[in-house]
2 protein chains.
Amino acid sequence: MYASASIISRDLQPPRALLAKSFTRPRPVTLHTPGTEIYAQGETAGTLYRIEFGAVRICRLLADGRRQVVAFHIAGETFGFEGGKVRSFFAECIVSTGLTTVEIDRDGRYSPELMELALKEMIRAQEHLLVVGKQCALEKLAVFLVDLAERQGGLGCIDLPMTRTDIGDYLGMTIETVSRNLSKLRSAGVLRLRSSRSIEILKPQRLYCLASKL
Amino acid sequence: MYASASIISRDLQPPRALLAKSFTRPRPVTLHTPGTEIYAQGETAGTLYRIEFGAVRICRLLADGRRQVVAFHIAGETFGFEGGKVRSFFAECIVSTGLTTVEIDRDGRYSPELMELALKEMIRAQEHLLVVGKQCALEKLAVFLVDLAERQGGLGCIDLPMTRTDIGDYLGMTIETVSRNLSKLRSAGVLRLRSSRSIEILKPQRLYCLASKL
DNA sequence: CGTATCCTTGACTTTCGTCAATACTTGTGG
DNA sequence: CCACAAGTATTGACGAAAGTCAAGGATACG
């Protein structure tokens, strides 16, 4: 099990370069251990966060006890936009994560750059809708992997900071279905699982074809 | 069948009060016949629209030919927000619809009110995600009906401007599943179908319970 | 080295999609 | 006014896909 959320892990080792970079910024990097809550549902909204390193999930608990993950965010991305005065969703760290807060104008107007980010977030939510709306689990998974690969720099190797449960709650399927379809892609020679959290893409074309993003 | 989209129907009869109200506004109401395109995918974004009467669907065509409806908008609502310079989605009228355009600041900054509307739209997209992510078709349908009822003023009678196909593409299911589950609700005595486009809610509690919004 | 968590795989069941037939609605033209 | 046609909606039978339940393996941590 991970270290308890209430204890700041002593052996936390964020990349040196990122820490050094953060010292030149006006705002300090706050460290969060895996599983830590960044903000809660119902809390007062307003603060925006930028991820220096690590990964975050944005979720919501449904009445029936199920959990919907509405977004994953990785290093370099900004999150925390909300439509009302209070948070509709809660944010948690998936792995050891470093965060900085982002300045918002006090006069109630977002800067054009922040406005752009907020609207990009809306588009991302709507794109996500297209994926979850798809009927085939294999396609959903392919889109998820391609998206993650592109956000990580289009490498042939994808790092999955999240668990199968997270992926399932994100794509609207069970962890068994996630696992089964990863195995299907593996036995088709499309990808190789270096470990359960590290995927090497062997046939990008096949994966892109399955994802068929539009 | 409805009148062809290229012909402005002469017998269009928008509510008198709304037309009268529109005369006091600086911007004129434009009339659109059912099925008319308001803007297209790939078009330059920027213009926002307010619905004076009627209903609109926001959609996107997927690579496999399927269509995802990402939102319905009814009278009083504003739509047209986009994250980039071009439209990612297209908008069409569902029924005879009257639209006015909404002013945006020229200096590149949205007013606080518009910012609020844009973020509300983002939340709406994420709420929609929660619904589409649900596994059970009956629950999805219940949430859809409750949402529509609330937006129409919480009446015991819901007006459905859209077809079963629209509903299916919105909830990520086939028209047969939509129809079957409406029948299921009918035979359970939860609702009554006055016509295929007009639903009377007989047991709101049961419907709310199924929807179990959170 | 033992325990807890995470992941994978198999057997079975349920739900939903597909195909197809039929009924209802609405508009058009004789 | 009635008949026909096109679009829309409902219902049934069947099969495929995903969920559920359960067991066992892999991995990380103390």
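As the structure is a computational prediction, the values presented were derived from the model and not from experiment. (Residues numbered from 1 in each chain as written. Chains lettered and ligands numbered in written order. Predicted model: local features only at pLDDT ≥ 70, side-chain atom pairs only at ≥ 80, totals over all residues. Heavy atoms only, no water.)

**Observations regarding the overall build of chain A**
- The secondary structure content of chain A amounts to six helices and eleven strands.
- Among the 214 residues that make up chain A, the fraction classed as buried is 50%.
- Across chain A, the fraction of contacts at a sequence separation of at least 24, relative to all contacts at a separation of at least 6, is 70%.
- Approximately 10,100 Å² of chain A is accessible, and the part contributed by carbon and sulfur atoms is 56%. (Helix = DSSP H or I, 4+ residues; strand = E, 2+ residues; numbered from the N terminus. Buried < 20%, exposed > 50% of the residue type's maximum accessible area, 1.4 Å probe, protein only. Contact = heavy atoms within 4.5 Å. Areas by Shrake-Rupley, 256 points an atom, 1.4 Å probe, with all protein chains shown as cover.)

**Digging into the protein's contact with DNA strand D**
- Around DNA strand D, a shell composed of 20 residues is seen, among which Ala137, Thr177 and Arg180 of chain A together with Arg164 and Ser183 of chain B lie nearest.
- If you look at DNA strand D and keep only atoms within 4 Å of the protein, 70% of those are sugar or phosphate atoms.
- Residue Arg186 of chain B places a side-chain N or O atom 3.1 Å away from a phosphate oxygen belonging to DNA strand D.
- Listed by contribution, the elements that provide at least two residues to the surface near DNA strand D are helix 5 (175–187) of chain A together with helix 5 (175–187) of chain B.
- The element that contributes the greatest number of residues to the surface near DNA strand D is helix 5 of chain B, accounting for five residues.
- Each residue belonging to the surface near DNA strand D can be placed in one class, and the counts come to five nonpolar, eight polar and seven charged. (Near = heavy atom within 4 Å. Polar contact = N/O pair within 3.5 Å; in protein donor to acceptor, adjacent residues only side chain to side chain. Nonpolar A, V, L, I, M, F, W, Y, C, P; charged D, E, K, R; others polar.)

**Re the nonpolar core**
- Among the nonpolar cores identified, the biggest contains 36 residues, and Ile38, Val56, Ile58 and Phe79 of chain A together with Ile38, Ile58 and Phe79 of chain B are the most heavily contacted of them.
- Beyond its immediate chain neighbours, meaning those up to four positions away, Val56 of chain A contacts Ile38, Ile51, Ala71, Phe72, His73, Phe79, Ala91, Glu92, Cys93, Ile94, Thr97 and Leu99 of chain A. (Core = buried A, V, L, I, M, F, W, Y, C linked by side-chain atoms within 4.5 Å.)

**Comments concerning the relation of the copies chain B and chain A**
- Superposition of chain B onto chain A requires a rotation of 179° combined with a translation of 0.0 Å along the rotation axis, giving an RMSD of 0.1 Å. Taken together, the turn and the small shift mark the pair as related by a two-fold rotation axis. It is Met122 of chain B whose C-alpha, among those of chain B, lies nearest the rotation axis, at 2.3 Å.
- Looking at chain B, 100% of its interface residues are interface residues in chain A too, so the copies touch through the same face. (Least-squares fit on C-alpha atoms with pLDDT ≥ 70 in both.)

**Section: helix 2 (residues 112–133) of chain B**
- Over its 22 residues, helix 2 of chain B extends 31 Å from the first C-alpha to the last, a length consistent with the 32 Å expected when each residue adds 1.5 Å.
- Of all 22 residues in helix 2 of chain B, 16 are buried, a share of seventy percent or more. (Expected span 1.5 Å × (residues − 1).)

**Regarding the interface of chain B and chain A**
- At the interface, 45 residues of chain B touch 45 residues of chain A.
- With both sides pooled, the region where chain B packs onto chain A buries about 4,000 Å², and carbon together with sulfur makes up 63% of that total.
- Where chain B packs against chain A, one counts two salt bridges.
- One salt bridge connects Arg60 of chain A with Glu127 of chain B, and the closest N-O pair in it is separated by 2.7 Å.
- No other element matches helix 2 of chain B, which puts 18 residues into the side of chain B that touches chain A.
- Residue composition of the side of chain B that touches chain A, by class: 18 nonpolar, 13 polar and 14 charged. (Buried area = accessible area lost by both parts, 1.4 Å probe. Salt bridge = Lys/Arg side-chain N within 4 Å of Asp/Glu carboxyl O.)

**So, the confidence of the model for chain A**
Residue and element names in this part refer to chain A.
- Mean pLDDT over chain A stands at 84; residues scoring 70 or higher make up 85%.
- Averaged pLDDT values for the elements of chain A fall to 43 in helix 1 (residues 16–23) and rise to 97 in helix 5.
- In this model, residues 1–24 is a region of pLDDT below 50 whose contacts with residues beyond four sequence positions or in other chains number 21 contacts. (pLDDT = per-residue confidence, 0-100.)

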